[in-house]
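Listed below are the residues making up each chain.
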Amino acid sequence: MKIGVLGTGWVGLVTGNCLANLGNDVSFYDIDENKINSLKNQICPIYEPGLQELIIKNKNKTTYSTRPDEAIKDKDILFITVGTPADEDGCVDLRYIKQISRTIGENLNPQNFCLILNKSTSPPEALDIIEEEIKEIEKNNNIKYDYEIGCCPETLAEGTAIKDFSNPDRIIVGIKSEIAKGLVQKLFRPYALNQAEIIFIGPKEASLAKYASNTHLAARVAITNVISQIARKYNANTREIMKAVGKDRRIGQKFLHPSLGFGGSCFSKDIQALTFLSKQKELPGSTLLQEIINSNKSHTEHLIKDLLEHFNSLENKKITILGTAFKANVSDTRDSPAHRLIKILLELNADITVYDPKAMEETKKEFGDKINYAENENQATEGSSALIIATEWDIFRSLDLPNIKNKMQENPFFGDYRALYNEKELKDLGFKYYHV
Ligand code: UGA
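Small disclaimer: the values here were computed from a predicted structure and weren't measured.

A. Representation of the overall build of the protein in the model. Per the secondary structure count, the protein includes 17 helices and 14 strands. Over its C-alpha atoms the protein spans a radius of gyration of 24 Å, differing by no more than 12% from the 22 Å that the globule rule assigns to 436 residues. In the protein, which comprises 436 residues, the proportion classed as buried is 52%. In the protein, of all internal contacts separated by at least 6 residues, the share reaching a separation of at least 24 is 72%. In the structure as shown, the protein presents an accessible area of about 20,600 Å², 48% of it carried by carbon and sulfur atoms. Taking the average location of the 55 positive side-chain charges in the protein and that of its 60 negative ones, the two points are 4 Å from each other.

Okay, here's the thing in structure tokens:
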């Protein structure tokens, strides 16, 4: 099939390359010339495991261009994958959706049916904007296009995006007509053969399903962390509690791991967007949604309380943070709990050293020479008074603890904020053990 992908960010590149890998001809469009030029040379501008390899492999099935006609004319399906940033209140900025909709309107072929699927996370209003923009161009130019606008929300997690796309639990597609359904079935047939369920619902329902999924997942993490705080007061083990909870088939095992709070570019942003919509429509649910965010942020403050209880003052205290990415296997530090923590520690004049297997560049961009950067986990902990695990990288699950303990200061603080270790083992080694 002939596919156009409009926007070469993370969602666009993963989507388009996975579809090219199925044998489709995929044309990418972006206004960013630098990005397009590097993609033309098969250089992937972002880190996502497997994506660079896929871009090289798909060389003959893909084109990258700053010319919209190449990606829009004569395509069976267009995916809109532009950015939808939000302001602090959660109001989603739909300016790029509007822009790309005009571009679509200026480049569609009146002879062909085209299915336009919005993949950018955005409220249902985005669908109206796409339609209004295209209609206006039809009216102004006195042409009639044959098209349908739908929504196919992105449900991939960073770090596992290629795997998620190729082996999905479900593919959510919001469309209305049988012709659109036929095209989508044809496109995703290889995945459907592999038992993936294509869920056909309305376009507005599909837009909201994306927000609803992320809000549910984020709420699970938020509740797990609150349970963990309570468990700590009873000296009870959260992992054991959540193992029991997850065995309830209505609940399930996933997203029940305690942490310093969820991070990343999606959860907070999407909950804020729903909070904004709730407030805007004068609905009472906004307080509950807002509380998920507030509660999530409280864990870093709680950790500071732990540190102050242990040390009294953090002035010049050498503190090591292992993991600055918002989760394991990514280089992304957006809304990372470790970065939230570093900001507070800097205000308290702590002497901070960090190590992350993939996110050091991002952390350097944000903190420059205000903190120290180690080359590995052992170097990071040398001479340190406190060690805090903020990200659950595999390498941090099997630290050489006796060796690390010997090289740290007396009575070291061990903050296991991903619940990777056994409290007794750590205490026996002489660490003072803390967790969420
Ligand atoms: C999330 C969703 O999982 C995807 O389905 C969705 O498509 C994506 O957002 C998006 O909207 O683009 P992502 O943000 O990449 O994906 O990361 P997750 O794996 O969901 O983790 C989010 C945060 O929750 C991370 O900081 C992670 O460490 C934290 N988390 C997750 C926990 O603290 N505990 C858990 O048990 C699970």
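B. Fine view of the packing of helix α9 (residues 203-233) against helix α10 (residues 238-246). Packing of α9 against α10 brings their axes to within 9 Å, and their N-to-C directions diverge by 130°. Put simply, α9 runs oblique to α10. Of the two elements, α9 crosses α10, and the hand of that crossing is right-handed. Counted together, Thr-224, Ile-227, Ser-228 and Ala-231 of α9 and Thr-238, Ile-241 and Met-242 of α10 form the full contact between these two elements. Taken together, the residues of the contact of α9 with α10 break down into four nonpolar, three polar and no charged.

C. How the structure looks around unusual backbone geometry. You will see that Asp-74, though not glycine, has its phi angle at about 60°, which is positive. With respect to the helices, strands and loops of the structure, Asp-74 is situated in the loop between α4 (68-72) and β4 (77-80). Even without glycine at this site, Asn-411 takes up a positive phi of about 50°. Relative to the elements of secondary structure, Asn-411 occurs in the loop between α16 (401-407) and β13 (413-416).

D. Just the pattern of salt bridges, in detail. Under the defined criterion, the tally for this structure stands at 22 salt bridges. The salt bridge involving Arg-340 is made with Asp-335; its shortest N-O contact spans 2.9 Å. Given the relative accessible area of 13%, Arg-340 is considered buried. When its relative accessible area of 27% is taken as the criterion, Asp-335 is described as partly exposed. Taken together, the shared-partner salt bridges connect Arg-67, Asp-69 and Glu-70 into one network.

E. Spatial organisation of the domain arrangement of the protein. According to the domain assignment, the protein contains domain 1 (2-201) and domain 2 (213-435). Here domain 1 and domain 2 have C-alpha centroids that lie 34 Å from each other. Opposite the 17 residues of domain 1 that make contact, domain 2 presents 17 residues. Counting the surface lost from both domain 1 and domain 2, the interface buries some 1,200 Å², and carbon and sulfur atoms represent 55% of this. For the domain 1 face of the interface with domain 2, the top three residues by lost area are Tyr-47, Gly-90 and Glu-158, together amounting to 42%. Inspection of the domain 1/domain 2 interface yields two salt bridges.

Conventions and cut-offs
- Residues numbered from 1 in each chain as written.
- Predicted model: local features only at pLDDT ≥ 70, side-chain atom pairs only at ≥ 80, totals over all residues.
- Heavy atoms only, no water.
- Helix = DSSP H or I, 4+ residues; strand = E, 2+ residues; numbered from the N terminus.
- Rg over C-alpha atoms; globule rule 2.2 N^0.38 Å.
- Buried < 20%, exposed > 50% of the residue type's maximum accessible area, 1.4 Å probe, protein only.
- Contact = heavy atoms within 4.5 Å.
- Areas by Shrake-Rupley, 256 points an atom, 1.4 Å probe, with all protein chains shown as cover.
- Lys, Arg positive; Asp, Glu negative; His and termini not counted.
- Charge placed at Lys NZ, Arg CZ, Asp CG, Glu CD.
- Axes fitted to C-alpha atoms, helices over the stretch in contact; angles between N-to-C directions.
- Parallel < 35°, antiparallel > 145°, perpendicular 65-115°, else oblique.
- Left-handed = near helix turned anticlockwise from the far one by under 90°.
- Nonpolar A, V, L, I, M, F, W, Y, C, P; charged D, E, K, R; others polar.
- Salt bridge = Lys/Arg side-chain N within 4 Å of Asp/Glu carboxyl O.
- Domains from an automatic or database assignment.
- Buried area = accessible area lost by both parts, 1.4 Å probe.

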